[in-house]
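Examining the three-dimensional arrangement
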Amino acid sequence: MRRTVVNRVVLGVVGAALLAAGVLVLAGGLDLYRRLGVHPPQWWPLTSPDQPVVSARSRGRWVASSWWWPTVIGGLTALVAGMAWWLVAQLRRSGLSSIAVPTPGVSGLRLRVGARALEEALENGTAVLPDVERAGVRLVRAPGHPRLRGAVRLRPGGDPAALVEHFEDGPRTDACGSLQLAELPADLRIRVLQAAHAEPRPGRGRRGRRGRGQARVE
């Protein structure tokens, strides 16, 4: 699952839980149940401004139970571990910060090109087509060699086949030549925008030539 999807799910769940708790506390604190004539169940917490969220009887009963402290400690441990994992995931970059450029015939020289500079060059080279509305390219880690991942959005009526051919013969080939790389595989995700009256197209995939990569059309 992509990091952005995980972030949205986690933030959505946490936000919904906090919102529900806040509405519950606010309703009790403002004495809305009495004012609106609503009679919540007896076990419903905080039904009036003078009532605590957890009654003294409930607190005493729970603390005296054998499951209370293991549950509290285990729950807090899981919460802290989950938050630490989420924080580390935000700090970790899945893409490459730079890429090594071969320097044949020159000893003692190590040359590296910034990944962002390469990504911008590929994005600009892809966006020159008139049908391209937006293009994004990332350089990611892959076993044995770096790999490109691109997402391109075409205007209605755009030709995905022409885009794939342009990307392979233009930006990707130029990048391989400039960096002196034998291969730079790429995965393209192409989305063709539909006109308001058009029927949605079924998704299909196209394999790049000589196994260079894959294009997926949506």
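Just so you know, these numbers come straight off a predicted model, no measurement behind them. The residue numbers shown here count from 1 along each chain, following its written sequence. In view of the model being predicted, local features appear only for residues whose pLDDT reaches at least 70, and side-chain atom pairs are presented and counted only at 80 or more, with totals across whole chains, interfaces and linings using the full set of residues. As a rule here, side-chain values cover all heavy atoms of the structure and leave hydrogens and water aside.

Put simply, DSSP marks the helices as runs of H or I at least four residues long and the strands as runs of E at least two long, and each gets a number from the N terminus on. A tally of regular secondary structure across the protein gives six helices and seven strands. In the protein, the order of α-helices and β-strands from amino to carboxyl end is α-α-α-α-β-β-α-β-β-α-β-β-β. Partly exposed describes any residue whose relative accessible area lies between the buried limit of under 20% and the exposed limit of over 50%, with all areas from a 1.4 Å probe on protein chains only and scaled to the type maximum. Looking at the protein residue by residue over its 218 residues, the buried ones come to 25%. Taking the intrachain contacts of the protein between residues at least 6 apart in sequence as the baseline, contacts between residues at least 24 apart amount to 54%. Computed by Shrake-Rupley with a 1.4 Å probe, the accessible areas treat only the displayed protein chains as cover when residues are assessed. Here the protein displays about 15000 Å² of accessible surface, and carbon together with sulfur accounts for 61% of that area. Any pair of residues with heavy atoms lying within 4.5 Å of one another is described as a contacting pair.

The next point concerns the pattern of salt bridges. What counts as a salt bridge is simple: a side-chain nitrogen of Lys or Arg found within 4 Å of a carboxyl oxygen of Asp or Glu. Enumeration over the complete set of coordinates arrives at six salt bridges. One salt bridge connects R116 with E119, and the closest N-O pair in it is separated by 2.9 Å. In this pair, R116 and E119 are both assigned in helix α5 (residues 115–126), three residues apart and thus about one turn of the helix distant. Residue classification places R116 among the partly exposed residues on the basis of a relative accessible area of 42%. Exposure remark for E119: the relative accessible area of 2% places this residue in the buried category. Salt-bridge contacts for D187 lead to R147; the nearest nitrogen and oxygen are separated by 2.9 Å. You can see D187 sitting in strand β5 (residues 186–192) and its partner R147 sitting in strand β4 (residues 147–154), a full 40 residues away along the chain. Residue class for R147 comes out partly exposed when judged on its relative accessible area of 22%.

Let's shift gears to the confidence of the model for the protein. When the pLDDT values of the protein are averaged, the result is 79; 83% of them are 70 or greater. Residue-level confidence of the predictor, termed pLDDT, takes values from 0 up to 100. Within the protein, strand β6 (residues 204–207) has the poorest average pLDDT of any element, 47, and β5 the best, 89.

Like charges within 9 Å and nonpolar side chains (Val, Leu, Ile, Met, Phe, Trp, Tyr) within 5 Å are joined into patches, using only residues over 30% in relative accessible area that form no salt bridge. Among the surface-exposed residues, L26, L30, L32, L36 and V38 lie close enough to one another that they form a single nonpolar patch of about 440 Å² accessible area. Here L36 lies in helix α2 (residues 32–36).

Our focus in this paragraph is the layout of surface pockets. Its volume calculated, the second largest pocket comes out at about 240 Å³. Within the residue set of the lining of the second largest pocket, elements represented by two or more residues are α1 (3–29) and α4 (68–91). Tallying contributions element by element places α4 first for the lining of the second largest pocket, with six residues. Of the residues assigned to the lining of the second largest pocket, the class counts are eight nonpolar, one polar and no charged. Whether a set of points on the 1 Å grid over the protein atoms alone is a cavity depends on a 1.4 Å probe fitting there but being unable to get out, while an open set qualifies as a pocket with protein on both sides within 12 Å along at least five of seven lines; lining residues are those with an atom within 4 Å of a point. Grid points are joined across faces, edges and corners, and a volume is the space filled by probe spheres set on the points. Classification used: nonpolar for Ala, Val, Leu, Ile, Met, Phe, Trp, Tyr, Cys and Pro, charged for Asp, Glu, Lys and Arg, polar for all others including Gly.

Another point: unusual backbone geometry. Positive phi is not limited to glycine here, since D31 has a value of about 60°. Secondary-structure assignment places D31 in the loop between α1 and α2. Looking at D31, the relative accessible area reads 12%, which means it is buried.

The geometry of α5 relative to helix α6 (residues 160–179) is characterised by a closest axis approach of 9 Å and an angle of 150° between their N-to-C directions. With respect to their mutual orientation, α5 and α6 come out roughly antiparallel. Note on packing geometry: the crossing formed by α5 with α6 is right-handed. Residue-level inspection shows L118, L122, G125 and T126 of α5 in contact with α6, the latter providing L163, H166, F167, P171, R172, A175 and L179. Of the residues assigned to the contact of α5 with α6, the class counts are seven nonpolar, three polar and one charged. Angles shown run from 0 to 180 degrees and are taken between the N-to-C directions of axes, each axis being a line fitted to C-alpha atoms and, for helices, limited to the stretch in contact. Oblique is the label for every angle not falling under 35 degrees (roughly parallel), over 145 degrees (roughly antiparallel), or within 65 to 115 degrees (roughly perpendicular). Left-handed describes a crossing whose near helix is turned anticlockwise from the far helix through less than a right angle; right-handed describes the clockwise counterpart.

Take the pairing of β5 next. On β5, burial follows the alternation: A186, L188, I190 and V192 on one face are buried, whereas D187, R189 and R191 on the facing-out side are not. The sheet contact formed by β4 and β5 spans seven bridges and is parallel. In the sheet register, G150 faces β5, and the bridge partner there is L188. With α6 bridging β4 and its parallel neighbour β5, the resulting β-α-β unit is right-handed. By the convention used here, strands pair only if DSSP detects at least 2 bridges between them. Handedness is read with the strands pointing away from the viewer; a crossover is right-handed when the path from the first strand over the helix to the second is clockwise.

Right, let's get into the packing of aromatic side chains. When the centres of two rings from Phe, Tyr and Trp lie within 6.5 Å, Trp using its six-membered ring, the rings pair. Their planes under 30 degrees apart give stacked, over 60 give edge-to-face, and anything left gives tilted. Applying the stated rule across the entire model yields two aromatic pairs. Taking 6.3 Å as the distance between ring centres and 70° as the angle between the ring planes, the aromatic pair formed by W68 and W69 counts as edge-to-face. Look at W68 and you get partly exposed, because its relative accessible area is 22%. A connected cluster of aromatic rings, assembled from ring pairs, spans W67, W68 and W69.

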